Amino acid sequence: MPVNTENPQPLAFNEMLQKTLRGSRYAKRVLEAEPALLEWLQQHCATPCDREEIARLLQSAGADLFNEASLASAVRRLRKQVMVKLILRDLNGLADLVEVMQAMTALAEVVVQQAQACVMQTLRQQFGMPIGRESGAQQQMLVIGMGKLGGGELNVSSDIDLIFVYAEDGETDGPRQLSNHEFFTRIGRRLINLVNELTGDGYVFRVDMRLRPYGDSGPLVMSFAALEEYLISQGREWERYAWIKARVISPPEAASAAELQALFRPFVYRKYLDYGAIDSMRKLHAQIRQEVQRRDRLDNIKLGPGGIREIEFTAQVFQLIRGGQDAALRILPTRRVLGLLAAKEHLAAEVVTALDEAYVLLRNLEHRLQYLDDQQTQELPEKPEDKQVIAEMMGYADYPALISVLDRHRAVVTNQFEHIFGETPQEQDNAQLWREHIGDEELAAGLSELGYRKAADSAQHLLQLRGGLRYQQSSERSRKLLDTLIPRFIKLGVRFDDPDATLSRLLAVLEAISRRSAYLSFLVEYPQALDRLAKLVSSSSWAADYLAKHPALFDELLAARELYQPPQWPLIEEDLTARLAECGPDTERQLDVLHHVQQEQIFHLLAMDLQGLLPLEKLSDHLSDLADLMLRHVLALCWAIARKRHRDDARFAIISYGKLGGKEMGYASDLDMIFLYDDDHPDAQENYARLGKSINTLLGSYTATGRLYETDLRLRPNGASGLLVSSVEAFADYQQHHAWVWEHQALTRARYSAGDAAVGAAFEEIRRQVLCRERDHAKLREEIVAMRQKMHDGHPNASGLFDIKHDAGGMVDIEFMVQYLVLAYSCQYPQLTANAGNLALLKLAAEAGLIDADLAERNRVLYRTLRQNQHRMRLNSDAPCRVAADEIDTSACRQLWAQLFGIYQ
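Here is what the cut-offs are and how they apply
- Counting starts from 1 at the beginning of each chain's written sequence and moves along it residue by residue.
- Selection of residues for local features in this predicted model requires a pLDDT of at least 70, selection of side-chain atom pairs for listing and counting requires 80 or more, and totals for whole chains, interfaces and linings are taken over all residues.
- Hydrogens and water are ignored here; the side-chain numbers use all heavy atoms of the structure.
- Where helices and strands are cited, they refer to DSSP runs of H or I of at least four residues and of E of at least two residues respectively, numbered from the N terminus.
- Here's how the labels work: a residue is buried when its accessible area is under 20% of the maximum for its type, exposed when over 50%, partly exposed in between, all with a 1.4 Å probe on protein chains only.
- Residue contacts are counted whenever heavy atoms from the two residues lie within 4.5 Å of one another.
- The Shrake-Rupley method, run with a 1.4 Å probe, gives the accessible areas here. Residue values count only the displayed protein chains as cover.
- Only four residue types enter the charge count, namely Lys and Arg as positive and Asp and Glu as negative; His and the chain termini do not.
- By convention, charge coordinates are those of NZ in Lys, CZ in Arg, CG in Asp, or CD in Glu.
- Each cavity reported here is a set of points on a 1 Å grid over the protein atoms alone in which a 1.4 Å probe fits but cannot get out, each pocket an open set with protein on both sides within 12 Å along at least five of seven lines, and each lining residue one with an atom within 4 Å of a point.
- Grid points are joined across faces, edges and corners, and a volume is the space filled by probe spheres set on the points.
- For this scheme, ten residues count as nonpolar: Ala, Val, Leu, Ile, Met, Phe, Trp, Tyr, Cys and Pro. Four count as charged, namely Asp, Glu, Lys and Arg, and the remainder, Gly too, count as polar.
- A pair of strands is labelled paired if DSSP reports no fewer than 2 bridges between them.
- Working definition: a ring pair exists when centres of Phe, Tyr or Trp rings (six-membered ring for Trp) sit within 6.5 Å. Plane angles under 30 degrees give stacked, over 60 give edge-to-face, the rest tilted.
- For a lysine, the NZ atom is tested; for an arginine, the CZ atom; a charge sits over a ring if that atom is within 6 Å of the ring centre and within 35 degrees of the ring normal.
- Each salt bridge in this description consists of a side-chain nitrogen of Lys or Arg and a carboxyl oxygen of Asp or Glu lying within 4 Å of one another.
- Throughout, the arc means that of the directions going from the helix axis to the C-beta atoms.
- By nonpolar core we mean a set of buried residues, namely Ala, Val, Leu, Ile, Met, Phe, Trp, Tyr and Cys, connected to one another through side-chain atoms within 4.5 Å.

**Notes on the overall build of the chain**
- When helices and strands are counted, the chain shows 39 helices and 14 strands.
- Along the longest, intermediate and shortest principal axes, the C-alpha atoms of the chain span 120 × 75 × 45 Å.
- Out of the 905 residues in the chain, the part that is buried amounts to 55%.
- Residue pairs at least 24 apart in sequence account for 73% of intrachain contacts in the chain once pairs closer than 6 positions are excluded.
- A total of about 39200 Å² of accessible surface is found on the chain, and carbon and sulfur atoms cover 49% of it.
- Measuring between centres, the 103 positive side-chain charges of the chain sit 1 Å from its 125 negative side-chain charges.

Structure (structure tokens):
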């Protein structure tokens, strides 16, 4: 029904109402649909719209505020009340810009707080309270308001930008338990629906979660620890600007809000102004200019030239430059920041006055554009009738008069914007040994003075870097970062035993990331990370190569305590599962998550290894556990995305051989695997063949984030010419009747790694039966010796050095002897079928009286020594792994070989 304006009412209100209806089609629709709202508006339009009134209106709405359906209706009616009151007051000069922005901000906060309280109460009844794993304290989800909501500057038809975080992982304490992450994820989803969902009563606010870490692909909620990791390792420059406005809006007076602020403050406000700060701001300026000059943004008063965004950016850039040292600048509202910049003389007072006037004009105009139809728009109108309405509501006789004033203000904003961001950064002095045009002799002499033993070589490396294309073609910002880092590298190198090798490896890392300024900035800004980096690369060239390939791992250098903690695989798997789930159906993102988790864990293990905190056997166990974890999730992912599936859960398993099968994985070991299934469905063979191919492809595919593993499938029945996957029945038949002895040798180091447990159990039974079969010892010896000779011939060594793996007395000899003992005697001693590793099997063989106990122990010591030497050499990229012929005593291996097979030929 039309709004009734003919009832006797005070003349002033009728005039205000008429102006409101002309200036807002939205208000007209609402008041026509809800006549009672008109009576309320007449009674209350004279008083300011503030937080107290908004909270009172909600509490007196007669709704059950802890029932989601009832609350959803109540908050939508509340928004209509607030909106029509603000529109009337603003268009008639009763409210200023501050009242409008603060009232809309208060509306968002009141609604979000009540929605969170409502959903929290409901979920608590089902699952109990979330409890922190470390502190044992009850946990809350904090709702962070970003953008204009965070700054207390919300416009009338704005989205609200939110981020959800919580302090600690853990579980709820109710009879039905959920992880804290899942509990808060459910709260977040339901809160969004309460606020965002369009119902018959409308909506309250559109909710935008894209400012959260990883954007739309990231988890909906995130722990403080995960947020900190993200900000340090992956936070981008534009996110620093976004987080300036971050403010906890719910729950009120959250206990952990201060902790959260302390967490993200270092990301936003850098303690020191480094070489990259000015360059990064200039780069952001260029990005903004590119966007605002787009043809379709010229009439946008937010994003276009001289628009709201340029004023906000002007204020924020000074906060970023100086906020680390001046806490007073860490305030939120744009106009207050501008005033403080004038007070501190960072900007001239007249400039700030002009920017403030422009900001008020632009924001008032923005609101009038949105009042028309309650649309989130900052575009100037196209229809003549709308142009006239907007001009009138802004207090101008016609649209050209409005545009004349608007253009003048926008020109002021643009000029000031260009003035600030058009400044050329000042040059910085370079360190003495990294100055331009330094000669090779002078540089070598300086390095020699510092303690470099191969100073001439190191000098050449430095000069080649400066003269190389990477440096010469780097951006100005990157070159400045390099100019900062290289002198530090020179000083760091002399702290270690081999300064020349350390410097060379540091420079190799630097060259690899030289065009990725975010990582260069990280190393500049976190000297403690740089120190740890130097220590790692000084110990291992492989570590240097790994970090150069995966610089995203730099952030792991920050938290020493976590870096040197052994992995907790159940927790890692839980986290990985959640992160993969948050990716939805995006296979590429899921693969990136797998890469990141694998690389992160390898790096943690590497750091512990180089610190001497992990025995080699334990390291191999962890690397094998990591590979098993990756295989489980790759299998699940590949089956989930399979084009054709005949069942929900694949009756399919991955069987590992070789280093993974024997749990002797190294950092760069490939995966020897076969695929088995136990499924009589007519499509099983075809579907599982596709699955096996998909698994192999996903494991070996290179992406921007790396590769999981190199794979080898040649140990399957009939080798490379055989079927990619085998049924359990076919595998059993092959092993019992067609397999070669060398294939049974390989079977001694095989185990179930991932997939269907029943298929895995069937494999283990086949393996046990095959290994326990009675064999002719003489024939077995003959075949094993022949195979060993074939391998020996395939790895000739004329170097005069001892090849740790392949030469007589080396690792392969010991492995062959263990395999012989297993195949020859498992029928009598089934305990030998245990996949316990070569060291344990040697001990078991001695305990069974098959070999001399002392000789067994000497071979155990030798095998461990050989593996440790091999591991150490591979950490420094020595291949093949060879040492002086008399460096390692291999007599124990030769003696045992002679006892089992005769003299080695």
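**Some thoughts on empty space enclosed by the protein**
- Applying the stated rule across the entire model yields four cavities of 30 Å³ or more.
- If you add up the space inside the largest cavity, you get close to 50 Å³.
- Taken together, Thr748, Arg749, Val818, Gln819, Asn835, Gly837, Asn838 and Leu841 make up the lining of the largest cavity.
- Elements with a contribution of two residues or more to the lining of the largest cavity: helix H36 (811-825) and helix H37 (838-847).
- Tallied by class, the residues present in the lining of the largest cavity amount to two nonpolar, five polar and one charged.

**Some words on the environment of His737**
- Mapped onto the elements of the fold, His737 is located in helix H32 (residues 728-737).
- When its relative accessible area of 58% is taken as the criterion, His737 is described as exposed.
- Taking C-alpha positions, His737 is 10.0 Å from Val770, a pair spaced 33 residues apart along the chain.

**Comments concerning the pairing of strand S2 (residues 141-146)**
- The element S2 is extensively covered by neighbouring structure, given that six of its six residues are classed as buried.
- Judged from the six bridges that link them, S2 and strand S3 (residues 160-166) form a sheet pairing that is antiparallel. The residue of S3 that forms the bridge with Met146 is Asp161.

**A closer look at the packing of aromatic side chains**
- The full count for this structure, using the stated rule, is 17 aromatic pairs.
- For the pair Tyr166 and Phe184, a centre-to-centre distance of 5.1 Å together with 35 degrees between the ring planes defines the contact as tilted. Placement of the pair is Tyr166 in strand S3 and Phe184 in helix H8 (residues 180-196), with a sequence separation of 18 residues.
- With 5.6 Å between their ring centres and 40 degrees between their planes, Phe652 and Tyr688 make a pair best called tilted. Within this pair, whereas Phe652 is found in strand S8 (residues 652-657), its partner Tyr688 is found in helix H31 (residues 684-700), the two being separated by 36 residues in sequence. Grouping residues by exposure puts Phe652 and Tyr688 together as buried.
- Among the aromatic residues, those joined into a cluster by ring pairs are Trp639, Phe652, Phe675, Tyr677 and Tyr688.
- In this arrangement the basic side chain of Arg466 is found over the ring face of Trp434, its NZ or CZ atom lying 4.1 Å from the centre.

**Details of the pattern of salt bridges**
- Per the counting criterion, the structure on display carries 39 salt bridges.
- Two residues, Asp90 and Arg368, come together in a salt bridge whose shortest N-O distance is 2.9 Å. Separated by 278 residues along the polypeptide, Asp90 in helix H5 (residues 68-91) and Arg368 in helix H15 (residues 349-373) bring together distant segments of the chain. Across the pair, exposure class does not vary: Asp90 and Arg368 are buried alike.
- In this structure, Asp356 engages Arg335 in a salt bridge whose closest nitrogen and oxygen atoms are separated by 2.7 Å. Here Asp356 is found in helix H15, whereas its partner Arg335 is found in helix H14 (residues 334-343), with 21 residues between them in sequence.
- By relative accessible area, which is 29% here, Arg335 ends up partly exposed.
- Each of Arg25, Arg29, Asp373 and Asp386 takes part in a single network of salt bridges with overlapping partners.

**Some thoughts on H14**
- Turning to H14, its buried residues number three or more, namely Thr334, Val337, Leu338, Leu340 and Leu341. Across the axial projection of H14, the buried residues extend over an arc of 165 degrees, all falling on one side. Seen from the buried face of H14, the exposed residues on the opposite side, beyond 90 degrees, are Arg336 and Ala343.
- Considering only its buried residues, H14 is in contact with helix H13 (308-322) and H15.
- Once H14 ends, the next one or two residues include Glu345, with phi positive near 65 degrees.

**Side note on the nonpolar core**
- Counting 137 residues, the largest nonpolar core has Ile160, Phe164 and Trp243 as the members making the most contacts within it.
- With 17 residues, the top contributor of residues to this core is helix H6 (residues 97-127).
- Residues in contact with Phe164, not counting those within four places in the same chain, are Met141, Leu142, Val143, Gly188, Leu191, Ile192, Met209, Leu220, Val221 and Met222.
- Phe522, Leu530, Leu557 and Cys583 belong to the second largest nonpolar core, which has 98 residues in total.

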